[in-house]
Amino acid sequence: MMKKQVILHTGLLIFMLLLGISSQAQNERKFVRQGNEIFEQALQDTTQIDTVAFSQAETAYRKALDKRPDDLKWNFNLGDALYKQMKFEEATSKFEEIAEKSEDKYEKARAFHNLGNSMMMQNKLDESIEAYKKALRNNPDDLESKYNLVYAMNLKKQQEQQQQQQQQNQDQNKDQNKDQQDQNKDQQQNKDQQDQNKDQNKDQNKDQQKQNQDQNKQNQQQQQPQQQKISKENAERLLQALQNDEEKIQEKVKKAKAAKAQQRKTDKDW
């Protein structure tokens, strides 16, 4: 009797354990269904990205993954929710993990496709192109991956052309700046030369003025003795004239003395 009771309890324990596992699995699927419903509703609004709704979907997927973290499909849904919230780095890590672990080529191709999208949104075009190529290796008929691959390659080409044009513009601006600097330098040199010439002319004019003043002073000094100095002939004539005048004066004096003496004699005779 005791043995039957043990078996009965054991059977009851097993039943309760299976019931708990089934209930837990149902809760996990419930979170997944909840996340899917929120995700699908958010996709219906094409006018804007409802990041709040996608965040709620992320929360639901994470609750399900707490119990089954290795479920690749639920992880894929989580990666999509992260991508829709523009959490591109987290989405990249999630899709890389799925692509590495997935053994199904179709699922692997889907993971590489979304990985390419996440890379492109981060402007990592080389990594994006490589991800699309891997998606096509696993699923050559994937038209979306083909389209995105061509789009990413064209975008990379455009960026390279823009970078090349920017580099050319920078080089051109650099050359123009150098030419402008050289021109400014030449203008400055010309200005300096003009200033130097101006100073030289000023000094030369000043020296010339001083020289002219000195010359005028010297000429004046030379002219003064020349005005007082007479030629030898004129001096001789002047001396002769003075001598003649002196002889005439002396002759007059003699005559005057003689007349006076004669008068005295006459007076004495009287």
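Below you will find a few notes about this structure.

Rules of the game
Every chain is numbered independently, its residues counted from 1 as its sequence is written. Totals for whole chains, interfaces and linings use every residue, but because this is a predicted model, local features are given only for residues with pLDDT of at least 70 and side-chain atom pairs only at 80 or more, for both listing and counting. Note that the side-chain values use all heavy atoms of the structure and ignore hydrogens as well as water. Salt bridge, as applied in this entry: a Lys or Arg side-chain nitrogen positioned within 4 Å of an Asp or Glu carboxyl oxygen. Burial classes follow relative accessibility: with a 1.4 Å probe on protein chains only, a residue under 20% of its type's maximum area counts as buried, one over 50% as exposed, and anything between as partly exposed. Runs of E in the DSSP output that reach at least two residues are strands. Runs of H or I that reach at least four are helices, and both are numbered from the N terminus. Contact between two residues is taken to exist if any of their heavy atoms lie within 4.5 Å; hydrogens are not considered. Angles shown run from 0 to 180 degrees and are taken between the N-to-C directions of axes, each axis being a line fitted to C-alpha atoms and, for helices, limited to the stretch in contact. Orientation categories follow fixed angle ranges, with anything under 35 degrees roughly parallel, anything over 145 roughly antiparallel, 65 to 115 roughly perpendicular, and all other angles oblique. The sense of a crossing depends on the near helix, which, turned anticlockwise from the far helix by less than a right angle, makes the crossing left-handed and, turned clockwise, makes it right-handed. Each residue receives one of three labels: charged for Asp, Glu, Lys and Arg, nonpolar for Ala, Val, Leu, Ile, Met, Phe, Trp, Tyr, Cys and Pro, and polar for the others, Gly being one of them. Pairing of aromatic rings covers Phe, Tyr and Trp, the last through its six-membered ring, and needs centres within 6.5 Å; plane angles under 30 degrees mean stacked, over 60 mean edge-to-face, and all others mean tilted. Put simply, a charge is over a ring when the Lys NZ or the Arg CZ is close to the ring centre, within 6 Å, and near the line of the ring normal, within 35 degrees.

### A few points about the pattern of salt bridges
Working step 1: Enumeration over the complete set of coordinates arrives at 11 salt bridges.
Working step 2: Across the salt bridge formed by Glu130 and Arg137, the nearest N and O atoms sit 3.7 Å from each other.
Working step 3: Residue Glu130 is classed as partly exposed on the basis of its relative accessible area of 33%.
Working step 4: With a relative accessible area of 54%, Arg137 lands in the exposed category.
Working step 5: Measuring nitrogen to oxygen at the nearest pair gives 3.4 Å for the salt bridge that ties Lys191 to Asp195. Separated by 4 residues within a single helix, Lys191 and Asp195 lie in helix 7 (residues 143–228), roughly one turn from each other.
Working step 6: Residue class for Lys191 comes out partly exposed when judged on its relative accessible area of 44%.
Working step 7: One network of salt bridges, in which partners are shared, links Glu58, Arg62, Lys87 and Glu90.

### Digging into the environment of Ala91
Working step 1: By the element assignment, Ala91 lies in helix 4 (residues 88–101).
Working step 2: With 26 residues separating them along the chain, Ala91 and Asn117 place their C-alpha atoms 9.7 Å apart.
Working step 3: For Ala91, the contacting residues outside a window of four places in its chain are Gly79, Leu82, Tyr83 and Ser118.

### Describing the packing of helix 3 (residues 72–84) against helix 4
Working step 1: With their axes 8 Å apart at the nearest point, helix 3 and helix 4 run at an angle of 155° to one another. By the angle class used here, helix 3 and helix 4 are roughly antiparallel. In the packing of helix 3 onto helix 4, the handedness of the crossing is left-handed. Along its contact with helix 3, which presents Leu72, Asn75, Phe76, Leu78, Gly79, Asp80, Leu82 and Tyr83, the element helix 4 presents Phe88, Glu90, Ala91, Lys94, Phe95, Ile98 and Lys101.
Working step 2: Looking at the contact of helix 3 with helix 4 residue by residue, the classes come out as 9 nonpolar, 2 polar and 4 charged.

### With respect to the packing of aromatic side chains
Working step 1: Scanning all chains against the criterion turns up 3 aromatic pairs.
Working step 2: With 5.6 Å between their ring centres and 65° between their planes, Phe76 and Phe95 make a pair best called edge-to-face. Residue Phe76 is found in helix 3, and its partner Phe95 is found in helix 4; the two are separated by 19 residues along the sequence. Take Phe76 and Phe95: they sit in the same class, and that class is buried.
Working step 3: With 5.4 Å between their ring centres and 70° between their planes, Tyr83 and Phe88 make a pair best called edge-to-face.
Working step 4: On the accessibility criterion, Tyr83 (22% relative accessible area) is partly exposed.
Working step 5: The exposure class assigned to Phe88 is buried, which follows from its relative accessible area of 14%.
Working step 6: Over the face of the ring belonging to Trp74 we find Arg68, whose NZ or CZ atom lies 4.4 Å from the ring centre.
Working step 7: Positioned above the aromatic ring of Phe76 is the side chain of Arg110, whose terminal nitrogen or guanidinium carbon lies 4.1 Å from the ring centre.

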